[in-house]
Amino acid sequence: MAVDVGGLSPYDWGPTIRAACFGCGKSMKKIMVCLKRVVDYNVRVRVKADGTGVVTDGVKMSINPFDEIALEEALRIRERGGAAEVVVVTIGPADCQQQLRTGLAMGADRAILVEHGTELEPLAVAGLLLKLVEKEHPDLVIVGKQAIDDDCNQTGQMLAALWDRPQATFASKLEVDGDRIRVTREVDAGLEVIEADLPAVVTTDLRLNEPRYVKLPDIMKAKKKPLEILAAGSLGAALEPSLRTTGYAPPPERQKGAMVADVDALVGALRDKGFLG
Amino acid sequence: MTAKILIIAEHAGGRLNQSTARCLACASQISPGAGADVLVAGSQCGAVAAEAAALAGVAEVLVIDRAENSAPVAAVLAPQIAALATAYDYVLGPSTTFGKDLMPRVAALLRVGQVSDLMSVEGPRRFTRPVYAGNAIQSVEVPEGTRVIATVRTASFRPVAAGAAAPIRGVQVGAALPTHTRFIELRSGGGGERPDLQTARLVISGGRGVGSEANFRILYQLAGKMGAAVGASRAAVDAGFVPNDMQVGQTGKIIAPELYMAFGISGAIQHLTGIKDAGLIVAVNKDPEAPIFQIADIGLVGDLFQVIPELEKRIG
Ligand SMILES: Cc1cc2nc3c(=O)[nH]c(=O)nc-3n(C[C@H](O)[C@H](O)[C@H](O)COP(=O)(O)OP(=O)(O)OC[C@H]3O[C@@H](n4cnc5c(N)ncnc54)[C@H](O)[C@@H]3O)c2cc1C
């Protein structure tokens, strides 16, 4: 659950205080956070009857939960003086402005929408993000480890590759130390710690933090923050897909099984199936 | 012309991960009978190479043995793999945290898209993969002439058998390796002597209903008696009952044990997507309305603190 951090918004502190880094004497100029607009995670997604996609009409859309965590992390770094500015960016249709406004209300300083009407593959998204990186020169890019719609888990790694910079994926802890980061990563075998030079790309796992709730006055303030709109076609990135999606189908359903009354019946059923020796 | 397939081996501590044998099973469906090459990139990884060479369906094991490869750092491995990949039509890695970290970096270096979590082979260039936490299955096609880069959803493929003896060849690649990313340490989770969650035949799993780290002991005891691995829901991990490597689900491990027993787990879609391929799902929950009963093969409404000790007694 997200928590209300309350207290003074870092916005009231002014840029000079925000830019000071407590403890390390050095602070980043800019963190870029990439947000994706996705079907809200509480929605039970259904495949369209004609198999061309999933039903999105009238469905609640939100910031991808992992990206919300990415933004929260960037804001916390800025709030403790580790960065001067947090820029949120998204690539998608005009409707994505809603999610950018939410990001601004959470506390981002400004937003960039790269407008594009149709679905793009992660490689194309990474190519567009690289163009923004070349324009904005962030010290750190934080993105969610995966989007909960296509579940690809690719974009951060691809951006890091195209940018020829470090990647620290599946982060559950991020420490900034001058021009280096130390990242604890959730891996199958446990927790892996790596160190990387900035600039770098970090992708977030669920346990990195709990994003804050947006407060009403912040929503009002967010309306006045800058939101720049660029056309995807104007950035000079390759947008052609490599893959062709031929359709969507509902997953095979597991049949609802039987209820048993007590442990005896459970043990009996397990024995019948050959478990328990 | 037969398709040339390269599989990126996953290994740690001098042992080959079973995900490699599962990738080989996928490769054998893409190009039946042709055999695939396996790349072992590591440092002093001769034993791993020998393990890989024994797997069925391996044409040749390629070894890049150098100190820089002593830990699996994606930024270091990717340029080496990309350099070799130009000789292949397909490059496959496992959809484990190792492969998920590495393969997109390889794909981007090759300027080609990636098929993530490949779950079935419908034709040499047609595959399916889960999207929306498994609520939909997407069919994708990689056009002729485009190199196929994919991560293989390991739970969807049975590992190939061992017992063969493919040739092993050391290779050198000229790629420049970055030093900007450095491995520091691996802190392994709480598994200890228990079977590995990703490969275990039997899995016992606990959720928020277990209530505490101390209470998880009753699950470990039952698991010990049954020879089972122990998993958990995200809620149990978030609450600090168990380490992160025990999480099962959309953002944790996707597993396919023969038996999965869920105690005090409600059955959120993100959890269920991790166990859909289990043979038999047993759910014990005190709430008769818990959604997990909708997909469980055997359900028991009850208090896990009564059920588990009783079960243990009956098995004992
Ligand atoms: C982006 C995203 C990704 C996620 N990824 C994952 C993931 O990978 N894996 C995952 O598991 N979740 C994931 N989740 C979280 C998921 O939505 C659920 O919140 C989570 O699975 C709930 O865990 P739970 O079933 O243990 O807890 P709860 O939903 O709180 O359920 C606890 C259950 O325990 C039962 N219970 C309580 N006491 C007892 C008792 N004494 N005896 C028997 N039963 C009892 C209750 O009746 C209840 O059904 C994700 C969520 C999001 C948004």
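Below, the structure is looked at part by part. None of these values were measured; they are calculated from a predicted model.

1. Overview of the overall build of chain A
Argument step 1. Within chain A one finds 7 helices and 13 strands.
Argument step 2. Its C-alpha atoms put chain A at 70 × 45 × 40 Å along the principal axes.
Argument step 3. In chain A, which comprises 277 residues, the proportion classed as buried is 57%.
Argument step 4. Taking as baseline every contact in chain A between residues at least 6 positions apart, the subset at least 24 positions apart corresponds to 73%.

2. Describing the side chain of T204 of chain A
Residue and element names in this part refer to chain A.
Argument step 1. Along the chain, T204 falls in strand β10 (residues 200-204).
Argument step 2. The class for T204 is buried, based on a relative accessible area of 0%.
Argument step 3. In terms of polar contacts, T204 uses its side chain to reach the backbone carbonyl oxygen of F66, at 2.8 Å.
Argument step 4. Those residues within four positions of T204 in sequence are excluded, and the remaining contacts are F66, I69, A70, I142, V143, G144, K145, F170 and A171.

3. Brief notes about the interface of chain A and chain B
Argument step 1. Each partner contributes residues to the interface: chain A has 75 residues there, and chain B has 85 residues.
Argument step 2. Both sides of the chain A and chain B interface together cover about 7,000 Å² of buried area, and 54% of this is carbon and sulfur.
Argument step 3. Looking at the side of chain A facing chain B, the largest losses of area belong to D188, R254 and F275 of chain A, adding up to 12% of the total buried there.
Argument step 4. On the surface where chain A and chain B come into contact, there are 7 salt bridges.
Argument step 5. We note a salt bridge from D101 of chain B to R185 of chain A, for which the minimum N-O separation is 3.5 Å.
Argument step 6. In this structure, the connection of chain A to chain B is made through 43 residue pairs in polar contact (both at pLDDT 80 or more).

4. Points about the pattern of salt bridges
Argument step 1. As enumerated under the stated definition, the model contains 35 salt bridges over all chains in all.
Argument step 2. Residue E192 of chain A is joined to R185 of chain A by a salt bridge in which the shortest nitrogen-to-oxygen separation is 2.7 Å.
Argument step 3. The partner of R182 of chain B in a salt bridge is E195 of chain A, with the nearest N and O atoms 2.9 Å apart. With one member in each of two chains, R182 of chain B in strand β13 (residues 181-188) and E195 of chain A in strand β9 (residues 190-197) form a pair that bridges those chains.
Argument step 4. Overall, R182 of chain B belongs to the partly exposed group, its relative accessible area being 27%.
Argument step 5. Of the residues examined, E195 of chain A reaches a relative accessible area of 12% and is grouped as buried.
Argument step 6. The network of salt bridges with shared partners includes D177, R180, R182, E195 and D197 of chain A together with R182 of chain B.

5. Some remarks on the sheet that holds strand β14 (residues 202-206) of chain B
Argument step 1. Taken together, 6 strands build an open sheet; the order of strands is β13(A)-β18(B)-β17(B)-β16(B)-β14(B)-β15(B) and the sheet is parallel. On the outer flanks of this sheet lie β13 (258-260) of chain A together with β15 (229-232) of chain B, each paired with one strand and no other. Neighbour to neighbour, the strand axes of the sheet diverge by 20° on average, direction disregarded.
Argument step 2. Here 4 bridges tie β14 of chain B to β15 of chain B, and the two strands are oriented parallel to one another.

6. Observations regarding the pairing of strand β6 (residues 90-94) of chain B
Sheet faces and side chains relate simply in a regular strand, where the side chains alternate between the two faces.
Residues and elements named next belong to chain B.
Argument step 1. Counting buried residues in β6 gives 5 out of 5 residues, a clear majority hidden from the surface.
Argument step 2. Judged from the 3 bridges that link them, strand β1 (residues 5-8) and β6 form a sheet pairing that is parallel. Paired with L6 across the strands is V91, a residue of β6.
Argument step 3. Here β6 runs beside strand β11 (residues 148-152); their pairing, made up of 5 bridges, is parallel. If you follow L92 over to β11, its bridge partner there is A150.

Thresholds applied
- Residues numbered from 1 in each chain as written.
- Chains lettered and ligands numbered in written order.
- Predicted model: local features only at pLDDT ≥ 70, side-chain atom pairs only at ≥ 80, totals over all residues.
- Heavy atoms only, no water.
- Helix = DSSP H or I, 4+ residues; strand = E, 2+ residues; numbered from the N terminus.
- Buried < 20%, exposed > 50% of the residue type's maximum accessible area, 1.4 Å probe, protein only.
- Contact = heavy atoms within 4.5 Å.
- Polar contact = N/O pair within 3.5 Å; in protein donor to acceptor, adjacent residues only side chain to side chain.
- Buried area = accessible area lost by both parts, 1.4 Å probe.
- Salt bridge = Lys/Arg side-chain N within 4 Å of Asp/Glu carboxyl O.
- Pairing = 2+ DSSP bridges.
- Axes fitted to C-alpha atoms, helices over the stretch in contact; angles between N-to-C directions.

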